[in-house]
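# Descriptive analysis of the structure
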Amino acid sequence: MALNQRSDAFLKAFHAAQWFALGFILIIGIVPLSLAVLRLCSVTQISPIEALTRFPEQFGAMDALRFTFIEALLSTLLTLALGLPIAWGLGRYEWKGLRAKRAMLYLPFVTPPIVAAAGFLALISPGGLLFSTGIDLRGETGFIGWIAELTGWQHPGHMLALIIAHAWFNLSLVIRFVEPIIAQLSPTWEEQLKMLPQGQTRAKRLRHLWLPVLGPSVAVAATYAFFFSFTSFALVKWLTPDFNSLESLLADLGGSAGIFNYRVETSVGVLAIAGLQAIMMLILLASAGALERKHATMLSLHEEYVNRRKHGSPPTQFKIAVYSMLIASMLPLISVIIASFRKRTTTSGGTVDFVWTLEGWQRALAGDASTLTLFEALQNSLMYAFLTLIIALPLGYLLASMFHRFEQNGKTRLASILDTLCMIPLSASAVMIGLGVVIGLLRWYPELFMFRYLPVLPHVMLVLPFLVRMLRPAFARIEPAYLEQVKLLNLSRFWSWWHSKGAFMVAPLTMAASLCLAFSLGEFGATYLLIRVGSWDSLSIMVDQLLGRPKFDPLIMPTAMAVASTLMLTTLVILWLSEQLRIRQGATDD
């Protein structure tokens, strides 16, 4: 009797903790953004609806909207053009070291955006690998300059660099959504279709089989690629400095928005641009969600290794495509490291040359070109990351378990509604979240500007929805029979939880923890708006500040690349450790 009472008390406490977690995420997701809207409405004396109608009147808004749509659309098309052949080749044929190839192709997507920007700058700047081939996307001389002069296209090199960088960053989305369907689809479908008139040619099979089968997954990948290109900030900021996207325009205007009787037109612009961008992002996320649900209800699947063995080794063209893309996926990352050891020099004849040196690393370690040293910035980044982990991971676990409990009790609709509410921060970009905190909290309570751990708040806001999305399927995969069996063993509460749920959640929690740490380490947009005290700078902010310094000092670039290399290597080490733990857990389970 006493045991049952203690068990009931524990369950009530656990359920109360779940409701607390739900309330917490709703508060941090809604309150800053709501306060920001109230502040802007108070300053401008207009409603958000009226601000939307004034969007075309805002300085630079229409140009930013046009540029954002064009670069996102072109980036998405290039991502699909490069990603679909790779996904087809990986999914259909036998490859040695398939896991390693997948990891290399997934690597760009988990690379901090500011590191990606630094990597492409290193590639296209003088001394970079692409520049050395005669293709000058940065200075736009030679062939690129000729294109600009012939067509009247302003800065085609910058636009090409941005589109290529976005495709590089988003390529793994196509592989992630499309390759499993190709790999697991039962080969009998294609064999049976070949016997029918509709399957006699490749074109007919494409129309009657592969388009219906792969269409939803391709659409999901395309929607997410468009979404991430649409909300890109660091890459736009550094690769297309003469153009503004909606995101970068928000960042430029945000510093002076929300102040009474000061540049009210800036507050109107922020309210209008943020409103339109939020609507666009909600539409994109809703479309992605609907397509993803359609993608999830798929077909009769088959064992991957059986299908690959049936099709054998990949043809030469797929080998060339996959290995070329593997090299391309590593080039920006390698370029960052190489550039950290190279310094620009000018010879007596006036020509520019590059020499190998450690001075960039020495400057970064000493902090001579920045507000703090490399290790101090690393300490700040790790502190923000681990605080984000400590707060977000338990909350994510509580929320995912809560929604799973509702689904088990037949309250599927309630679980779906609450899950949608928790996704509210995803409908705002990182810059919008940062603006929400700056305008919504700091304009009302300016003393918070001196709170050292303030960047942790937007990090938690941005990462929590991803954690919930990762952990919910993990709970759904646990067989209810395990809990029934454990109840027969009269174990303690901890061991009952461990054998019925805990042991099965180690791998998903490890992956979620690594995502949380990597995301916080590389987060740039919100942190860029929040950090106002130099001694609190993270590695991503330090890279941005160094890249923005005048380049007449030949050590600025190698110093910036040294800091970017540190951020990149720290992120990769965390992800590698997570993967090793996951593999070890899998081996233990086997």
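Let me begin by describing the structure that accompanies this report. This is a predicted model, so every value here is computed, not measured. (Residues numbered from 1 in each chain as written. Predicted model: local features only at pLDDT ≥ 70, side-chain atom pairs only at ≥ 80, totals over all residues. Heavy atoms only, no water.)

Helix packing geometry: the angle between the two helix axes and the distance between the axes. Relative orientation of the contacting elements helix 5 (residues 113–124) and helix 15 (residues 316–339) amounts to 75 degrees, with a least axis distance of 8 Å. With respect to their mutual orientation, helix 5 and helix 15 come out roughly perpendicular. From helix 5, Val115, Ala118, Gly119, Phe120, Ala122 and Leu123 reach across to helix 15, where they touch Leu331, Pro332, Ser335, Val336 and Ala339. For the contact of helix 5 with helix 15, the per-class residue count stands at nine nonpolar, two polar and no charged. (Axes fitted to C-alpha atoms, helices over the stretch in contact; angles between N-to-C directions. Helix = DSSP H or I, 4+ residues; strand = E, 2+ residues; numbered from the N terminus. Parallel < 35°, antiparallel > 145°, perpendicular 65-115°, else oblique. Contact = heavy atoms within 4.5 Å. Nonpolar A, V, L, I, M, F, W, Y, C, P; charged D, E, K, R; others polar.)

Below, the discussion takes up the packing of helix 18 (residues 412–422) against helix 20 (residues 456–476). Packing of helix 18 against helix 20 leaves a shortest axis separation of 9 Å and a crossing angle of 145 degrees. Contacts from Ala415, Asp419 and Cys422 of helix 18 reach helix 20 at Pro465, Val468, Arg469 and Arg472.

So, about the pairing of strand 2 (residues 352–356). Both strand 1 (residues 342–346) and strand 2 contribute to a ladder of five bridges, which runs antiparallel. Bridged to Arg342 within strand 2 is Trp356. The turn joining strand 1 and strand 2, which pair antiparallel and follow one another in sequence, is formed by five residues; a positive phi near 90 degrees is taken by Gly350. (Pairing = 2+ DSSP bridges.)

Further remarks concern the environment of Glu479. Within the element layout of this structure, Glu479 appears in the loop between helix 20 and helix 21 (480–487). Expressed as a C-alpha distance, the spacing of Glu479 and Lys501, which sit 22 residues apart in the sequence, is 9.0 Å.

Summed over all chains, the structure comprises 20 aromatic pairs. Aromatic side chains Phe466 and Phe519 sit 6.5 Å apart centroid to centroid with 40 degrees between the ring planes, which places their arrangement in the tilted category. Of this pair, Phe466 sits in helix 20 while Phe519 sits in helix 22 (residues 493–522), and the two are 53 residues apart along the sequence. Judged by its relative accessible area of 32%, Phe466 falls in the partly exposed class. Looking at Phe519, the relative accessible area reads 26%, which means it is partly exposed. Aromatic rings pair up to connect Phe109, Phe169, Phe227 and Phe228 into one cluster. We note Arg342 situated over the ring of Trp356; from NZ or CZ to the ring centre the distance is 5.4 Å. (Phe/Tyr/Trp six-rings, centres within 6.5 Å; stacked < 30°, edge-to-face > 60°. Buried < 20%, exposed > 50% of the residue type's maximum accessible area, 1.4 Å probe, protein only. Lys NZ or Arg CZ within 6 Å of the ring centre and 35° of its normal.)

Our next topic: the pattern of salt bridges. Taken as a whole and judged by the stated rule, the model has seven salt bridges. Across the pair Glu50 and Arg54 runs a salt bridge, and its minimum N-O distance is 2.9 Å. Taking relative accessible area as the criterion, Glu50 reaches 32% and is therefore assigned partly exposed. For Arg54, a relative accessible area of 27% puts it in the partly exposed group. Note that Arg66 and Asp63 form a salt bridge whose closest N and O atoms lie 2.9 Å from each other. Of the two residues, Arg66 and Asp63 are both situated in helix 3 (residues 61–92); the distance of three residues between them amounts to about one turn of the helix. (Salt bridge = Lys/Arg side-chain N within 4 Å of Asp/Glu carboxyl O.)

Our next topic: helix 20. Under the 1.5 Å per step criterion, the end-to-end length of helix 20 is 30 Å for 21 residues, consistent within 8% with the ideal 30 Å. The sharpest bend along helix 20 reaches about 30 degrees and sits at Val463, with the proline Pro465 one to four residues further on. A large share of helix 20 lies buried, amounting to 15 of its 21 residues. (Expected span 1.5 Å × (residues − 1). Bend = angle between axes of the 7 residues up to and from the residue.)

So, about the side chain of Glu523. With respect to the helices, strands and loops of the structure, Glu523 is situated in the loop between helix 22 and helix 23 (525–530). Looking at Glu523, its side chain comes within polar contact range of the side chain of Thr527, at 2.5 Å. Setting aside anything within four residues of it in sequence, one finds Glu523 in contact with Ala430, His459, Leu462 and Ser540. (Polar contact = N/O pair within 3.5 Å; in protein donor to acceptor, adjacent residues only side chain to side chain.)

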